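# Tertiary structure, described
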Amino acid sequence: MNIILLGPPGAGKGTQANRLVEERGMVQLSTGDMLRAAVKAGTPVGLKAKAVMDRGELVSDEIVSELIDAELTAMDAGTGAIFDGYPRTRAQAERLDELLDKHGRKLDRVIELEVDEDALVDRITGRFTCANCGAGYHDRYNLPQVEGVCDRCGSTDFKRRPDDTEETVRTRMQEYRAKTAPILPYYEERGIVSRVDGMASIDEVADKIDALLS
Ligand code: AP5
């Protein structure tokens, strides 16, 4: 099964993708994570992307589509893919169709997480992740079970994203409204879009997604 998780910054795409990885053995393809890894490694892609990401704008369609192509090439054909944060423009959506064809895959479902944008700033500015394994947490809504210790790997080292400031989040939301939300009709024509209330609890959202994929 191949699915797209769509929604504005902070909608919970990464949180739900993590659950699907753990519970269904799917692979999460997050262009945001790939770009952050490239920035950290100082690769040519990372050097180009860093300033754009820090402003909350979109990196070029070619760069992100090449990252996705490389990941699909490396993946086992029978393993399901979760596209998290990709596609984000019409050009990326069209390119993804070509890539799925090339890799012998088909898109089963597009899940849009519907959220109240005002709540997202709070979600994003309170977010932190395990520096070792990437598990996601939140200062109020999703704390580790033992304070200061990652539930998944036991690390005590956590980090926050440089683009998780209120000002950058507002730009990221504008980019979503202007460039990403308009691609929904492209998938609606095929009858594969489902909407889930992303303001429900993390468990409730996960249950709804699970029901859609069963
Ligand atoms: P990216 O990393 O994709 O960021 P984003 O889309 O802005 O999404 P986020 O990761 O911020 O949010 P999320 O929906 O995953 O929420 P999360 O689950 O963490 O992209 C970053 C940048 O990279 C972009 O700005 C752009 O520059 C570039 N980029 C990436 N892809 C690109 C592309 N395809 N094209 C061009 N440029 C690209 O949840 C947020 C917090 O809320 C967490 O703390 C979580 O614990 C909490 N939470 C989640 N769900 C709930 C819930 N139901 N109730 C309460 N709290 C919740």
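Now for a description of the structure that goes with this document.

Criteria and cut-off values
- Residues numbered from 1 in each chain as written.
- Predicted model: local features only at pLDDT ≥ 70, side-chain atom pairs only at ≥ 80, totals over all residues.
- Heavy atoms only, no water.
- Core = buried A, V, L, I, M, F, W, Y, C linked by side-chain atoms within 4.5 Å.
- Buried < 20%, exposed > 50% of the residue type's maximum accessible area, 1.4 Å probe, protein only.
- Helix = DSSP H or I, 4+ residues; strand = E, 2+ residues; numbered from the N terminus.
- Contact = heavy atoms within 4.5 Å.
- Arc of directions from axis to C-beta.
- Polar contact = N/O pair within 3.5 Å; in protein donor to acceptor, adjacent residues only side chain to side chain.
- Near = heavy atom within 4 Å.
- Areas by Shrake-Rupley, 256 points an atom, 1.4 Å probe, with all protein chains shown as cover.

So, on to the nonpolar core. Core analysis: the largest hydrophobic core is formed by 31 residues, its most contacted members being Phe83 and Tyr187. Among the elements that take part in this core, helix H4 (residues 61–74) stands out by supplying five residues, more than any other. For tyrosine 187, the residues in contact, after removing those within four places along its chain, are Ile4, Pro87, Ala93, Leu96, Leu107, Val110, Ile192 and Val193. Formed by 20 residues, the second largest nonpolar core is a distinct cluster that contains Ile82, Leu113, Leu120 and Val205.

What follows deals with helix H2 (residues 31–41). For H2, the full list of buried residues reads Thr31, Gly32, Met34, Leu35 and Ala38. Buried residues of H2, viewed axially, fall in a sector of 165°; they line one side. Along H2, exposed side chains directed more than 90 degrees from the buried face belong to Lys40 and Ala41. Of the surrounding secondary structure, the elements contacted by the buried residues of H2 are strand S2 (27–30), helix H3 (44–55), H4 and strand S3 (81–84). Positive phi shows up at glycine 42, right after H2, with a value of about 70°.

Looking now at the side chain of asparagine 2. Turning to its location among the elements, asparagine 2 is positioned in strand S1 (residues 2–6). One polar contact links the side chain of asparagine 2 to the main-chain amide nitrogen of alanine 81, over a distance of 3.3 Å. Engagement of the side chain of asparagine 2 in a polar contact is seen with the backbone oxygen of lysine 106, the distance being 3.0 Å. When residues no more than four places from it in sequence are discounted, the contact partners of asparagine 2 are Gly80, Ala81, Phe83, Arg105, Lys106, Leu107, Asp108 and Arg109.

Once that is clear, we can look at unusual backbone geometry. Of note, the amide linkage connecting tyrosine 86 to proline 87 takes the cis form, showing an omega dihedral of 0°. Tracing the chain through its elements places proline 87 in the loop between S3 and helix H5 (90–102).

For the rest of this paragraph, the subject is the site of the ligand. With respect to spatial proximity, 34 residues lie near the ligand, and among them Thr15, Glu57, Arg88, Arg127 and Arg172 are the closest. Alanine 11 has a polar backbone atom sitting 3.2 Å from an oxygen atom of the ligand. Taking threonine 31, its side chain carries an N or O atom lying 2.8 Å from a nitrogen atom of the ligand. Burial of the ligand by the protein chains amounts to 95% of its free accessible area of 1000 Å².

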